[in-house]
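# Observations on the model geometry
Listed here are the chains, written in short residue letters.
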Amino acid sequence: MKRFLMLACISILTLVSMISILYAEAPNSRGSKTRILIEAMTVQVNNNVLSALQLDNNVEPLSNVTVPLPSLLYILADPNSVKIVASTKIETFVGETGEIDTGERIKYLIKKDNGSFEEKTTDKPIGTTLVATPTIDRQGKIQVDFKFEHTTVILPKEIDHETSPPIRKPVEDNKTLNSIVKLTSGEPIIVGTSVTSDSKSFTLVRAEVLKNLKHFF
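Calculation criteria
- Residues numbered from 1 in each chain as written.
- Predicted model: local features only at pLDDT ≥ 70, side-chain atom pairs only at ≥ 80, totals over all residues.
- Heavy atoms only, no water.
- Helix = DSSP H or I, 4+ residues; strand = E, 2+ residues; numbered from the N terminus.
- Buried < 20%, exposed > 50% of the residue type's maximum accessible area, 1.4 Å probe, protein only.
- Contact = heavy atoms within 4.5 Å.
- Areas by Shrake-Rupley, 256 points an atom, 1.4 Å probe, with all protein chains shown as cover.
- Pairing = 2+ DSSP bridges.
- Axes fitted to C-alpha atoms, helices over the stretch in contact; angles between N-to-C directions.
- Salt bridge = Lys/Arg side-chain N within 4 Å of Asp/Glu carboxyl O.
- Core = buried A, V, L, I, M, F, W, Y, C linked by side-chain atoms within 4.5 Å.
- pLDDT = per-residue confidence, 0-100.

### Examining the overall build of the protein
Along the backbone of the protein there are three helices and ten strands. Each helix (α) and strand (β) of the protein, taken in turn from the N terminus, gives the series α-β-α-α-β-β-β-β-β-β-β-β-β. Residue burial in the protein is summarised as follows: out of 217 residues, 27% are buried. Partitioning the contacts of the protein with sequence separation of at least 6, the portion at a separation of at least 24 is 64%. Summed over its atoms, the accessible surface of the protein is roughly 14,900 Å², and 56% of this surface lies on carbon and sulfur atoms.

### Quick word on the sheet that holds strand β6 (residues 127-136)
Pairing within the open sheet is antiparallel, and its four strands lie in the order β3-β6-β7-β8. Looking at the sheet topology across the chains shown, the edges are occupied by β3 (98-101) and β8 (171-183). Direction aside, the axes of adjacent strands within the sheet are offset by 10° on average.

### Let's talk about the pattern of salt bridges
If you walk through the whole model with that rule in mind, you get nine salt bridges. Between E39 and R206 there is a salt bridge; the shortest N-O distance is 2.5 Å. Of the two residues, E39 sits in strand β1 (residues 32-46) while R206 sits in strand β10 (residues 199-214), which places them 167 residues apart along the sequence. K175 is paired through a salt bridge with D173; the nearest N and O atoms lie 2.8 Å apart. Members of the salt-bridge network, linked through shared partners, are E39, R206 and E208.

### With respect to the nonpolar core
Nonpolar side chains in soluble globular proteins tend to end up buried together. Counting 16 residues, the largest nonpolar core has I38, L130, V144, F146 and A207 as its most contacted members. For this core, the element with the highest residue contribution is strand β7 (residues 142-154), accounting for four residues.

### Notes on the environment of I38
Structurally, I38 is set in strand β1. By relative accessible area, which is 1% here, I38 ends up buried. Leave out the neighbours within four places in its chain, and I38 touches T88, K89, I90, T92, L130, A132, P134, V144, R206 and A207.

### Quick word on the confidence of the model for the protein
Overall, the predicted model of the protein reaches an average pLDDT of 77, with 75% of residues at or above 70. The low-confidence segment residues 1-30, where pLDDT is below 50, has five contacts with residues more than four positions distant or belonging to other chains. A low-confidence stretch, residues 213-217 stays under pLDDT 50, and its non-local contacts, those more than four residues away or across chains, total 13 contacts.

Here it is as structure tokens:
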């Protein structure tokens, strides 16, 4: 009788263990969520770098560029050749919107008619904001509906030496990009460009599937 009970207990434990393994490994659209890493950045490239790569300001975002190794090493050795203007990233789940805002409002002083000063703040937070919603299609491509916003500021030279805020309103420069793109996991693409007299800036977006997290409740 004891032997029978022992075998029965072992059989029950084995069955429970097998069910647990199958439940954990089986795909379950209701019980699993796919986590996505989304990155966005704007990179400013000097014209001399474009020349070294035998390119010009008319290079298109989807152009295939073959970089000679000596030119690439020359560029990598110069820390001033490429500048990261803005960069941020978020993690979210498929079908859910993720958001990150690294900006802060800057204080400044306005001189009033009576000679006193009034403290104010900039209209927008100065920094970078990324809002993105990823989905995955049947071919495994990641579609990202995103808004990437970067605000910079030029501060007046005159400051209040007792409290440090600048006097007069700073000049704000805001660049916003709204788009929907399809990506291969892990591969960045260029989604926007802008040109100045001495450089060209490229905005890149990258998305990567991280892993599935199981939820049993």
